[in-house]
Each structure stands twice: as structure tokens, then as C-alpha cells.
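Working through the structure, step by step
For reference, the chains in residue letters:
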Amino acid sequence: IVLEQENGADIFVSNWDGLAWSSPEPLSKINTKFNERGPSFSLSGNRLFFSSDRDGGLGGYDIYVTTFDGGKWGSPQSLGSTLNSSANETGPAPSMDESGLYFSSDREGKSDQDIFYAKLDNEDTKEALSFLQPIAVDDLNSRSDDIQAALTRRGSLVFMSSDRQSDSRYGVYM
């Protein structure tokens, strides 16, 4: 859950016990005085990807990951300069086999955001995640903003948001 507040957007978590959702609680290890948004869990549930415009980034919004050790979330780590750029990187979505990451960016001097994919370069989960150079997913991108890719559990369908209709409102596409 992302909650927009006076001092920025923060990520909260709520747990399902089989009957009801718990009250949302802020992820204090992740949240800053800046904006944290677009959270996405890996299929295994042990990684949380999100974007933030916090200090120390490379551009407007950068993508970060934090790892769950079974009891608490670790400190967020930037996904580095191969994935992040001086532009905005938002809406991270790990592939279902956790071998790569989809995200949106207005890199390469574009005024609109496109969806990119970066393949994981290292499999060692003890090391910081490293990705190969991102590539634009041309089959999903249009001349408008294409953002927030989300894959189904099997990875066979992609949902995304775009303002490609002439009314300039965002719609969900599959």
C-alpha cells in the first residue's frame, strides 16, 4: 500500500490472516522524508522492489530493493547505474522466475515513459543484485506513457497502464 502524505508518499504493509486484513503499518526501514512508491514483491516474497526520489539517487526516481530475512526488512539498496539513470525509473515488476525486472523510464531523452526489461546478471543472492543493460519492450510501448507493467503469476500475461487513447486518461491494457 502506498499512502500519499504531506511530506511524501510512503509504503505500508497489511497482512491477510485468512479472515481479515491487518491495519496498515509503515515500513519504517524503507520510508524516508522523500517519496517511496510502486512497491512490487518478488514471487518468493523475500524481495520488495520500489522506486524513490530519495537523496543519493542518480536521477528523479530510482529503483531500490530490500530483502526480507524472515523477521524484518533490510536496508534498501539501489539497483545501480546500469538500471537507474539520470531520468526517472519507476514501477518495478520482477519477472515470475525472478530472472529479470520490468520497469518504466523516460530515459534516452524521451518525454514519455516506456517499459524496459533488464535481465539479472548475477544469481548469487548474497551479493547485491546486478542487471544487464535494460532494453525497451517494443511490443508493449506506444508513443504515449506506458507504465506499471505487472505480470500474472505464470508470467504469460502482462497488465500495464497507458494514456494511449486520445482522451489522455490512463487505462489498463493486457
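My aim in this report is to walk through the structure given alongside it, one point at a time. (Residues numbered from 1 in each chain as written. Predicted model: local features only at pLDDT ≥ 70, side-chain atom pairs only at ≥ 80, totals over all residues. Heavy atoms only, no water.)

**Let's talk about the environment of Glu 4**
Tracing the backbone shows Glu 4 in strand β1 (residues 2–5). On the basis of relative accessible area, Glu 4 is assigned to the exposed category, the value being 52%. Residues Glu 4 and Arg 37 lie 33 residues apart in sequence; the distance between their C-alpha atoms is 9.1 Å. In contact with Glu 4, other than residues within four places in its own chain, are Ala 9 and Arg 37. (Helix = DSSP H or I, 4+ residues; strand = E, 2+ residues; numbered from the N terminus. Buried < 20%, exposed > 50% of the residue type's maximum accessible area, 1.4 Å probe, protein only. Contact = heavy atoms within 4.5 Å.)

**What to know about a nonpolar patch on the surface**
On the surface, Leu 157, Phe 159 and Val 172 cluster together into a nonpolar patch covering about 270 Å² of accessible area. Topologically, Val 172 is positioned in strand β14 (residues 171–173). According to the relative accessible area criterion, Val 172 is exposed, its value standing at 66%. (Patch = residues over 30% accessible without salt bridge, like charges linked within 9 Å, V, L, I, M, F, W, Y side chains within 5 Å. Areas by Shrake-Rupley, 256 points an atom, 1.4 Å probe, with all protein chains shown as cover. Salt bridge = Lys/Arg side-chain N within 4 Å of Asp/Glu carboxyl O.)

**Re the packing of aromatic side chains**
The way to describe two aromatic rings as a pair is by their centre distance and the angle between their planes. For the coordinates displayed, the defined rule picks out 6 aromatic pairs. Pairing Phe 68 with Trp 73 gives two aromatic rings, centres 4.9 Å apart and planes at 50°, and the pair type is tilted. Given a relative accessible area of 13%, Trp 73 falls into the buried group. Within the aromatic cluster, the residues linked to one another by ring pairs are Phe 41, Phe 68 and Trp 73. A cation over an aromatic ring shows up here: Arg 54 above the ring of Tyr 64, its NZ or CZ 5.0 Å from the ring centre. Directly above the aromatic system of Phe 116 lies the positively charged group of Arg 107, at a separation of 5.3 Å from the ring centroid. (Phe/Tyr/Trp six-rings, centres within 6.5 Å; stacked < 30°, edge-to-face > 60°. Lys NZ or Arg CZ within 6 Å of the ring centre and 35° of its normal.)

**Some points on the sheet that holds strand β5 (residues 47–52)**
Strands in a sheet are paired, the pairing made by backbone hydrogen bonds, and the direction either parallel or antiparallel. Read across the open sheet, the 4 strands follow the order β4-β5-β6-β7; overall the sheet is antiparallel. One side of each edge strand has no neighbouring strand; the edge strands of this open sheet are β4 (36–41) and β7 (77–78). The pairing of strand β6 (residues 62–67) with β7 spans 2 bridges and is antiparallel. When the sheet's bridge partners are listed, Tyr 64 is paired in β7 with Ser 78. (Pairing = 2+ DSSP bridges.)

**Here's the deal with the pattern of salt bridges**
On inspection of all chains with the given rule, the structure shows 3 salt bridges. For Arg 47, the salt bridge goes to Glu 98, with nearest N and O atoms at 3.9 Å. You can see Arg 47 sitting in strand β5 and its partner Glu 98 sitting in the loop between β8 (89–94) and β9 (100–105), a full 51 residues away along the chain. With relative accessibility at 9%, the residue Arg 47 sits in the buried group. Overall, Glu 98 belongs to the partly exposed group, its relative accessible area being 22%.

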